[in-house]
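# Chain and residue survey
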Amino acid sequence: MADLQVKKIPKLPIPGRRNIMITSALPYVNNVPHLGNIIGCVLSADVFARYCRLRGYNTIYMCGTDEYGTATETKAMEEGCTPKEICDKYHAIHRDVYNWFDISFDEFGRTSSPQQTEVCQAIFKMLNENNWLSENTMQQLYCKTCKRFLADRLVEGTCPRPTCNYDSARGDQCEKCGNLLNPTELQDPKCKVCRNTPEIRDTDHLFLELPLLKDKLEEYINHMSVAGSWSQNAIQATNAWLKEGLRSRCITRDLKWGVPVPHEKYRDKVFYVWFDAPIGYVSITSCYTSDWEKWWKNPENVELYQFMGKDNVPFHTVMFPSTLLGTGENWTLMKTISVTEYLNYEAGKFSKSKGIGVFGNDAKDTKIPSEVWRYYLLTNRPEVSDTLFTWKDLQAKLNSELLANLGNFINRVLSFIAKPSGLGYGSIIPDAANAESHSLTKALAEKVGKHVEQYVEAMEKVKLKQGLKTAMCISSEGNCYLQDSQFWKLYKEDSASCAIVMGTSVGLVFLLASLLEPFIPSFSVEVVKQLNLSSELPLSLSDENGYINGARRPWEIIPPGHKIGSPRPLFKELKDEEVEFFREKFAGSQADRKVKADAKKMAGQLEKTKLSDAKKQKASTSAAQGISGGAGKKMAGQLKKTKLSDAKKQKASTSAAQGISGGAAETEITISRLDIRVGLITKVWRHPDAGSLYVEEIEVGEATPRTVVSGLVKFIPLEEMQNRKVCVLCNLEPETISTTTSHAMVLAAFNEDHSKVELVDPPSSAAVGERVTFPGFEGVPGAVLNLKVWEALQVDLKTDAELVARYKDVPLTTSAGVCKVLSIPSGIIG
């Protein structure tokens, strides 16, 4: 497997050569990339970069993690750390994933580097000097509790669309209906950090005046979209922005985590992530070489190719080129843009935020080789419309295309050549003399030559899926050629013809390794190893060495007399039971999978504990029985003391457990004794005799609502208690609090100094009255618990770093998912 990034002497543009600079949309750093992210940018760009290198073009591929902005700040809050720590953590995860996928960056950097600040601020100053910027006042939500303006993603509220009314819409977009929003449009907006209602305030910001740059931009788009053969979806997305009319775009934000704005009036603001992120391509190149301007300010000698998903298009075809044009400098602007639609997962969509689909680390954990994943994603690349990932389709393409077609052809050829003399060629390539006069071989060579021409044409136009399909056609032609020649008969009946067939076929094996290297590089490495050609004949598709033209004479590619290495199967069958296992394993969200894994782990631990206890008891008995005389009496006495001690412990446990009505007792207190249910607050008011208390009526799946008293007034506003689903402990003894009897308890989490309290939230789709369970702990809850039982269990109820409510290591679980809090990690639940 290739290293993600091998430090070599930086490449610079070479006069007279074709110099190609490739970028892929910088993956956002706040999560693990899923397969849709990978095919949408880095994998597609990697294929083209590898192809360009094989063609002999002077090529660099620049990428890195996009690290600034609201999403990073939000993720840091969720995980209870700094934005820098989040970026360090996920940058390393991204590197590992791309390394496993054999992505061949020349530089994989970060936008939080000092170089990013330097380049970004320099571009801003030129825009400002050239009068392409303006100042304007806009209205924004301000949280008085947090004492700051709230970025879009730090606000939640009800979607204003009459047909939607989703009550958890974000400030930038409603996930339910998909509409883009402004935070000030939300109904009943809440700060995601403190849950208080923000107010609208005026704030000053800087804007890029796109309308003033319209003529320069349209001249660039009209010329380059044709010259660079932009993909149709890129042209459509760009024209949609132009047709709607260019507007001034705000390029600053009221955040702390970002590139500081070098302007006295705006020194407390940072640049908007979509202003600074594309500049990351430039700054990452400056990390690669101090002579970065020879790439980025050299449009006469450098071609820029950019790869991304369709949601990123306008920022690369409108915003970024406008930014560079506005500086007045001679920038290398994008020549070609290659855009993918969406890759969907089984019955739904991939989603980073919801954790749905197969993620980069998941692919590695399956033990299915990276070349299989690369091949599948690239044959399924959503170039003109959305495509669908399914496990059955992955199985079919592996078994029928990679194994039965490609792997079968190569293994048949090399295995036959490797057979000892009398059965094969003793691993020595035979002399294919007079091959051009062999009609079957000549016909094959013509077909292969045309396929290679079509392959190059497709790849030059960045039609990667077509290029891969064409290369695989050559493998199919090879299989037909072997079958039609009946080489196993020729070996005995016409040795000269058999030598031609084998010499031609082994040439096709090497040609396939070359054509497929951009797509499945580890496969090509293995083929070259089996051919024993690692240093003698490097893979190449260059016109200069004649390999492309040589495709019409494949029998000449590997010289006769060369000794091959040891053949072995290149691919392994994916079986039905494995497919079912993976489909089940990766069903639902990552949170759902974690619940299943936790439950399985807990069940295993309990089983081990039972077995261990049984073994100990058996060993103790055997040991005591095997000791004679006084020693035996002594051991028996010790065992008796141990039993008495255990009896005392059991009695203490039983005493605590006797909160069950009727005096029934258990040998130990387990969490299954708690009757926690999903409840819905239908009515809430302040206690008339105690200003710090709420009185709630809560539906818990019974004939009538329960009355509950909660000391939450100073922590949670009354309006946030209304019509809210909560976790309710239903089998505590009723308790009279300030003249009102409370018949249950609402679960809440609080931080160490009790300055912050939040309700434990069940999933919004959880059914009212459903019991909250603890996977691995089975049992029927008691009718009534006394306070001692609750106190014994409550000490192990806490929230974790991911805000999931847990008993020890087990999440509070419903059929709709796990229960969580909003923002208190390591909180105590009570």
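Keep in mind the model is a prediction, meaning the values are calculated, not measured.

## Structural notes on the overall build of the chain
Counting its regular elements, the chain contains 25 helices and 32 strands. Residues classed as buried in the chain amount to 53% of the 830 residues present. Counting contacts in the chain only where the partners sit at least 6 residues apart, residues at least 24 apart contribute 74% of the total. With the model as given, the accessible surface of the chain reaches about 37100 Å², and the carbon-plus-sulfur share is 51%.

## A few points about the side chain of Ser-322
As for its placement among the helices and strands, Ser-322 is situated in helix α11 (residues 313–326). Given the relative accessible area of 1%, Ser-322 is considered buried.

## Description of the side chain of Asn-298
Inspection of the secondary structure assignment puts Asn-298 in the loop between α10 (293–296) and β13 (302–309). Here Asn-298 falls in the buried class, since its relative accessible area comes to 14%. Beyond its immediate chain neighbours, meaning those up to four positions away, Asn-298 contacts Pro-13, Glu-293, Asn-330 and Thr-332.

## As for the environment of Pro-538
For Pro-538, the position within the fold is in the loop between α19 (521–531) and α20 (547–550). The class of Pro-538 is partly exposed, set by a relative accessible area of 49%. Remark: the alpha-carbon pair of Pro-538 and Ser-514, spanning 24 residues in sequence, is separated by 8.9 Å.

## What about the nonpolar core?
In terms of nonpolar packing, the biggest core is built from 167 residues, with Trp-373 and Trp-391 touching the most fellow members. Sequence-distant contacts of Trp-391, defined by excluding residues within four places in its chain, comprise Tyr-345, Glu-346, Val-358, Thr-366, Ile-368, Trp-373, Val-579, Phe-582, Arg-583 and Phe-586. Residues Ile-676, Val-789, Leu-793 and Ala-805 belong to the second largest nonpolar core, which totals 28 residues.

## Section: the confidence of the model for the chain
Of all residues in the chain, 88% attain a pLDDT of 70 or more, and the chain-wide mean is 87. Segment residues 619–667 is flagged for pLDDT under 50; beyond a separation of four residues in sequence, or across chains, it makes 33 contacts in the model.

## Overview of the packing of helix α15 (residues 439–460) against helix α18 (residues 495–516)
Remark: α15 packs on α18, axes separated minimally by 12 Å, with the N-to-C direction vectors making an angle of 5°. Comparing the axis directions of α15 and α18 gives the class roughly parallel. Facing α15, whose interface residues are Thr-441, Leu-444, Val-448, Val-452 and Tyr-455, α18 presents Ile-500, Thr-504, Leu-508, Leu-511 and Leu-515. A per-class count over the contact of α15 with α18 returns eight nonpolar, two polar and no charged.

## Considering the environment of Gly-36
Mapping Gly-36 onto the fold places it in helix α1 (residues 35–40). Here Gly-36 falls in the buried class, since its relative accessible area comes to 16%.

## Observations concerning the sheet that holds strand β17 (residues 387–389)
Spatial ordering of the open sheet is given by β16-β15-β17, a layout of three strands whose pairing is mixed. In the strand order of this sheet, the two ends are held by β16 (348–349) and β17, each with one partner. Bridging between strand β15 (residues 343–345) and β16 involves two bridges; their strand directions are antiparallel. Looking at the pairing, Asn-344 lines up with Lys-349 of β16.

## So, the sheet that holds strand β6 (residues 155–158)
The strand order across the open sheet formed by three strands is β7-β6-β8, and the pairing between neighbours is antiparallel. One side of each edge strand has no neighbouring strand; the edge strands of this open sheet are β7 (169–170) and β8 (187–191). In this sheet, β8 lies alongside β6 in antiparallel orientation, the contact comprising three bridges. Directly across from Glu-156, in β8, lies its bridge partner Lys-190.

## Re the packing of aromatic side chains
Applying the stated criterion across every chain, the model contains 36 aromatic pairs. Between Tyr-98 and Phe-105 the ring centres are 6.0 Å apart and the planes differ by 80°, which places this aromatic pair in the edge-to-face class. Classification of Tyr-98 by relative accessible area gives buried; the value is 1%. Taking relative accessible area as the criterion, Phe-105 reaches 4% and is therefore assigned buried.

## Some thoughts on unusual backbone geometry
For Arg-195, which is not glycine, the phi dihedral falls at a positive 70°. Locating Arg-195 in the fold gives a position in the loop between β8 and β9 (199–208). Even without being glycine, Ser-229 reaches a positive phi, approximately 50°. Tracing the sequence through the fold places Ser-229 in the loop between α6 (214–227) and α7 (232–244).

## Side note on helix α2 (residues 42–54)
Between its terminal C-alpha atoms α2 stretches 18 Å, which fits the 18 Å expected from 13 residues at 1.5 Å a residue. Counting buried positions over the 13 residues of α2 gives 12, a clear majority of the element. If you check which residues of α2 are buried, you get Val-42, Leu-43, Ser-44, Ala-45, Asp-46, Val-47, Phe-48, Ala-49, Arg-50, Tyr-51, Cys-52 and Leu-54. Taken from the residues just after α2, Gly-56 is the one with a positive phi, measuring 90°.

## Things to note about the pairing of strand β18 (residues 676–686)
The side chains of a regular strand alternate, residue by residue, between the two faces of the sheet. Examined bridge by bridge, β18 and strand β21 (residues 725–729) share five bridges and lie antiparallel to one another. Residue pairing for β21: Val-678 is matched across the bridge by Cys-727.

## Comments concerning the packing of helix α13 (residues 370–379) against helix α16 (residues 464–485)
The interhelical angle for the contact between α13 and α16, taken along N-to-C directions, is 115°, at an axis separation of 9 Å. Taken together, the residues of α16 that come into contact with α13 (itself represented by Tyr-375, Leu-378 and Thr-379) are Lys-465, Leu-468 and Met-472. Grouping the constituent residues of the contact of α13 with α16 by class yields four nonpolar, one polar and one charged.

## Quick look at the pattern of salt bridges
Scanning all chains against the criterion turns up 47 salt bridges. Here Arg-53 and Asp-106 are joined by a salt bridge, their closest N and O atoms 2.9 Å apart. In this pair, Arg-53 is assigned in helix α2 and Asp-106 in the loop between α4 (83–100) and β3 (107–110), connecting sequence segments 53 residues apart. A salt bridge links Lys-265 to Glu-135; the shortest N-O distance between them is 3.0 Å.

Parameters and conventions
Residues numbered from 1 in each chain as written. Predicted model: local features only at pLDDT ≥ 70, side-chain atom pairs only at ≥ 80, totals over all residues. Heavy atoms only, no water. Helix = DSSP H or I, 4+ residues; strand = E, 2+ residues; numbered from the N terminus. Buried < 20%, exposed > 50% of the residue type's maximum accessible area, 1.4 Å probe, protein only. Contact = heavy atoms within 4.5 Å. Areas by Shrake-Rupley, 256 points an atom, 1.4 Å probe, with all protein chains shown as cover. Core = buried A, V, L, I, M, F, W, Y, C linked by side-chain atoms within 4.5 Å. pLDDT = per-residue confidence, 0-100. Axes fitted to C-alpha atoms, helices over the stretch in contact; angles between N-to-C directions. Parallel < 35°, antiparallel > 145°, perpendicular 65-115°, else oblique. Nonpolar A, V, L, I, M, F, W, Y, C, P; charged D, E, K, R; others polar. Pairing = 2+ DSSP bridges. Phe/Tyr/Trp six-rings, centres within 6.5 Å; stacked < 30°, edge-to-face > 60°. Expected span 1.5 Å × (residues − 1). Salt bridge = Lys/Arg side-chain N within 4 Å of Asp/Glu carboxyl O.

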